[in-house]
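As a plain string of letters, each chain reads:
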Amino acid sequence: MNRADLHTHTTASDGVHRPADNVKMAKEAGLAAIAITDHDTVAGIAEAKEAGRRCGVEVVPGVEISTSYEGTEIHVLGYYIDVEDPTLLRRLVSQRNVRDARNEGIVARLNELGIPLTMAEVAEAAGREPGMDETIGRPHIAEALVRRGVVATTQEAFDRYLAKGKPGYVDPPPRISPLEAFGWIREAGGTAIVAHPGLYRNDALAEKFLLDGADGLEAYHSDHGPEAERYFRELAEKHGKLATGGSDFHGARKGKIYHGAIGNRTVDVSVLAELRRRSARG
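Quick summary incoming for the structure in this document. (Residues numbered from 1 in each chain as written. Predicted model: local features only at pLDDT ≥ 70, side-chain atom pairs only at ≥ 80, totals over all residues. Heavy atoms only, no water.)

1. A word on the pattern of salt bridges
A complete count under the given rule lists 18 salt bridges for this structure. For R99, the salt bridge identified is with D40, shortest N-O distance 2.8 Å. Separated by 59 residues along the polypeptide, R99 in helix α3 (residues 86-112) and D40 in the loop between β2 (33-36) and α2 (45-55) bring together distant segments of the chain. Both residues of the pair, R99 and D40, count as buried. In this structure, R148 engages E121 in a salt bridge whose closest nitrogen and oxygen atoms are separated by 3.1 Å. With a gap of 27 residues between them, R148 in helix α5 (residues 138-148) and E121 in helix α4 (residues 119-126) connect regions that are remote in the sequence. (Salt bridge = Lys/Arg side-chain N within 4 Å of Asp/Glu carboxyl O. Helix = DSSP H or I, 4+ residues; strand = E, 2+ residues; numbered from the N terminus. Buried < 20%, exposed > 50% of the residue type's maximum accessible area, 1.4 Å probe, protein only.)

Below, the structure written as structure tokens:
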């Protein structure tokens, strides 16, 4: 297959599997390439690239940056970034600090609800301490709630406590704007794509971000239906931009795969050449 899955997560952020495992699964799925796009970190890319060299799968260096626009959390994918760029690395540290502050707020809110969860338990569930190169997020808090016996599954943790509008939810502290993320990615030699635009429930935002400088839209995503995929592909093409796609694979918890399995959504590998061409180094 000359196909590529351009959106996967690993243990470097909130995925279940190590970077090398993602690459192995891509090989087993018959893919030619896979992108590692962890949240606000590039810590998993070196391991993935080494695995890719061993098994003949191209690994696209990527990142998924969390941003905010008028109260809506918007995720921006960056491809073919320089993962050793010191400015980018410093900026990603600032992003992780924001995430850590939110985690502390969520734990405090859960304590107020009578759930004596601690950040130490969250760190244990994540397998790392806050402040490291890898990120800790709400899925790790959900796992800590499962381990404590408060809920039976991580999905129940979100449904009862952690999803927006639920009693344990805390709005993230102010984040950078999508436009700033586009700039960060370009300055690191990459190409900026708006992730899963259909999840924001405001299709006008997708066109706005294209007009404001995004290089394309993630049209193909595990949570997009055929109509949404067609709409975002045609919108990207209308503006002369790219339509990318990926599974948004995080792995399985309690037998349930979050978003979709590796290879669930793919694009032709010819998209990779266009991503490289549009990058600042291309």
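Now that the structure has been shown, the text picks up again.
2. Quick look at the sheet that holds β2
Spatial strand order, β7-β6-β5-β4-β3-β2-β1-β10: 8 strands in an open sheet with mixed pairing. Looking at strand neighbours, the two that pair on one side only are β7 (242-246) and β10 (267-268), the edges of this open sheet. For strand β3 (residues 58-69) and strand β4 (residues 72-79), the ladder comprises 8 bridges, and the chain directions are antiparallel. Residue I65 lies in a different strand from β4, and its bridge partner there is V76. Helix-sheet contacts for α2 involve β2 and β3, and the interaxial angle to β3 is about 155°. Sheet strands in contact with helix α10 (residues 270-278) are β1 (3-5), β2, β3, β4, β5 (191-194), β7 and β10, and its direction is about 125° off that of β7. (Pairing = 2+ DSSP bridges. Contact = heavy atoms within 4.5 Å. Axes fitted to C-alpha atoms, helices over the stretch in contact; angles between N-to-C directions.)

Interpretation in functional terms is not warranted from these geometric data alone.
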